[in-house]
Amino acid sequence: MATSYRDYTSPNTEFTYDLRNNTFFRKDAGNFINALGIQQLNTLGNTSILDIFLTTGNVIEPHIHQNASELVYCVTGEAVVSIVNPFTNQLLNFPIKPRQVANVPQGWWHYEVALTDDTHLIAIFDAPVPEVIFGSDILRLTPASIWAHTYCLDEAKVKDTFAPITRTVVIGPPLGCQQGANPAPNQGQSQWQHTSSQYPHYSYSSQWPTSSYYYYDAAAYTQPPEYGQYIHYPELAGYTYNPPSQLQTACQQPYGYSAAY
């Protein structure tokens, strides 16, 4: 608990909040995220939460929190929390069911995949205003020429591959995705019907970036995406958005459910 200098005699002091009043992101009726930070509950110390609802095969896209650790608690359903250990270059998969948790250290690349419908996760952060770097922003804001030159790739193929990513995804796959609802190709629907024993830890050999950007503006959500329509709520109180005209802009913009997340 952070040291607080709040005047607890003030009539504006808040001790309770309904998270349904602050939806951070909504993909559809079964996939959405509510959020609670210091802007919603002004007596919070160094803590905040995301209230996450997912259906089978939906993914909280790969991302990092550069200023906070994250403890993921499963309320209902089942999910796999996957993290990349930057010290061992391993991709670790942690299946969690109700009353089980998985911990993500600060700044580590991670994502969550729902294995059942009605999956409900609570993500708990040790910061009142956690920040985020979304993988979709890394992919779409880094010039294709840089990807191609750095990794000896075909620039035209890079542009074609990333062209559908026109905005921050948050919960994938996007609505209307032509490849279906499963993020892994050639696996079929049965991939998301496996039990947790099908998700052991395994090694990952490549290096992962440690640089960062923050959440970007939701104004782009007013334009229909090429592969489906998101439902977003940029008008909610407590949101701050700035258009990412270039990568540097995104690097300066925190995301969030308080003044910044």
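### Topic: the overall build of the chain
Piece 1. Scanning the chain from terminus to terminus reveals four helices and 13 strands.
Piece 2. Within the span of the chain, comprising 261 residues, buried residues form 46% of the whole.
Piece 3. Contacts in the chain between residues far apart in sequence, at least 24 positions, make up 75% of those at least 6 positions apart.
Piece 4. In the form shown here, the chain has an accessible surface area of approximately 13100 Å², with 54% of it arising from carbon and sulfur atoms.

### What to know about the nonpolar core
Piece 1. If you look at the biggest cluster of nonpolar residues, it comprises 28 residues, and the most contacted ones within it are Ile33, Ile52 and Leu121.
Piece 2. When contributions to this core are tallied by element, the ones reaching two or more residues are strand 1 (23-28), strand 2 (31-36), strand 3 (48-54), strand 5 (70-76), strand 6 (79-85), strand 7 (90-96), strand 8 (101-104) and strand 10 (119-125).
Piece 3. If you look at the next biggest cluster of nonpolar residues, it comprises twelve residues, including Ile64, Leu91, Ile138 and Ala144.

### As for the packing of aromatic side chains
Two measures describe an aromatic ring pair: the distance that separates the ring centres and the angle between the ring planes.
Piece 1. Considering all chains together, one arrives at five aromatic pairs under this definition.
Piece 2. Geometrically, the ring pair formed by Tyr8 and Phe15 is stacked, given 6.5 Å between the ring centres and 25 degrees between the ring planes.
Piece 3. Measuring from centroid to centroid gives 6.1 Å for Trp147 and Phe162, while their planes differ by 70 degrees, and the two rings are edge-to-face. With Trp147 in helix 2 (residues 144-151) and Phe162 in helix 3 (residues 155-162), this pair connects stretches of sequence that are 15 residues apart.
Piece 4. The rings of Trp147, Tyr151 and Phe162 are connected pair by pair, giving a single aromatic cluster.

### Observations concerning the environment of Thr13
Piece 1. Relative to the helices and strands, Thr13 resides in the segment before strand 1.
Piece 2. Residue Thr13 is classed as buried on the basis of its relative accessible area of 13%.
Piece 3. Residues Thr13 and Thr43 lie 30 residues apart in sequence; the distance between their C-alpha atoms is 6.9 Å.
Piece 4. Contacts of Thr13, omitting those with residues within four sequence positions, involve Arg6, Asp7, Tyr8, Asn42 and Thr43.
Piece 5. In this structure the side chain of Thr13 is engaged in a polar contact, spanning 3.2 Å, whose partner is the backbone oxygen of Asp7.

### Topic: helix 2
Piece 1. Among the residues making up helix 2, those that are buried are Ala144, Trp147 and Ala148. Burial along helix 2 is one-sided: seen end-on, the buried residues are contained in an arc of 95 degrees.
Piece 2. Residues of helix 2 that are buried sit in contact with helix 1 (135-141) and helix 3.
Piece 3. One or two residues past the end of helix 2 sits Cys152, with phi positive at roughly 55 degrees.

### Digging into the side chain of Gln66
Piece 1. Counting through the fold element by element, Gln66 comes out in the loop between strand 4 (59-64) and strand 5.
Piece 2. For Gln66, a relative accessible area of 17% puts it in the buried group.

### Examining the pairing of strand 9 (residues 110-114)
Consecutive residues of a regular strand have side chains that alternate between opposite faces of the sheet.
Piece 1. For strand 9, the buried fraction is high: five of the five residues fall into the buried class.
Piece 2. With three bridges connecting them, strand 4 and strand 9 associate as antiparallel partners. Considered in strand 9, the bridge of Ile60 is made with Glu112.
Piece 3. The pairing of strand 6 with strand 9 spans five bridges and is antiparallel. Counted as the bridge partner of Ile83 is His110 from strand 9.

Calculation criteria
Residues numbered from 1 in each chain as written. Predicted model: local features only at pLDDT ≥ 70, side-chain atom pairs only at ≥ 80, totals over all residues. Heavy atoms only, no water. Helix = DSSP H or I, 4+ residues; strand = E, 2+ residues; numbered from the N terminus. Buried < 20%, exposed > 50% of the residue type's maximum accessible area, 1.4 Å probe, protein only. Contact = heavy atoms within 4.5 Å. Areas by Shrake-Rupley, 256 points an atom, 1.4 Å probe, with all protein chains shown as cover. Core = buried A, V, L, I, M, F, W, Y, C linked by side-chain atoms within 4.5 Å. Phe/Tyr/Trp six-rings, centres within 6.5 Å; stacked < 30°, edge-to-face > 60°. Polar contact = N/O pair within 3.5 Å; in protein donor to acceptor, adjacent residues only side chain to side chain. Arc of directions from axis to C-beta. Pairing = 2+ DSSP bridges.

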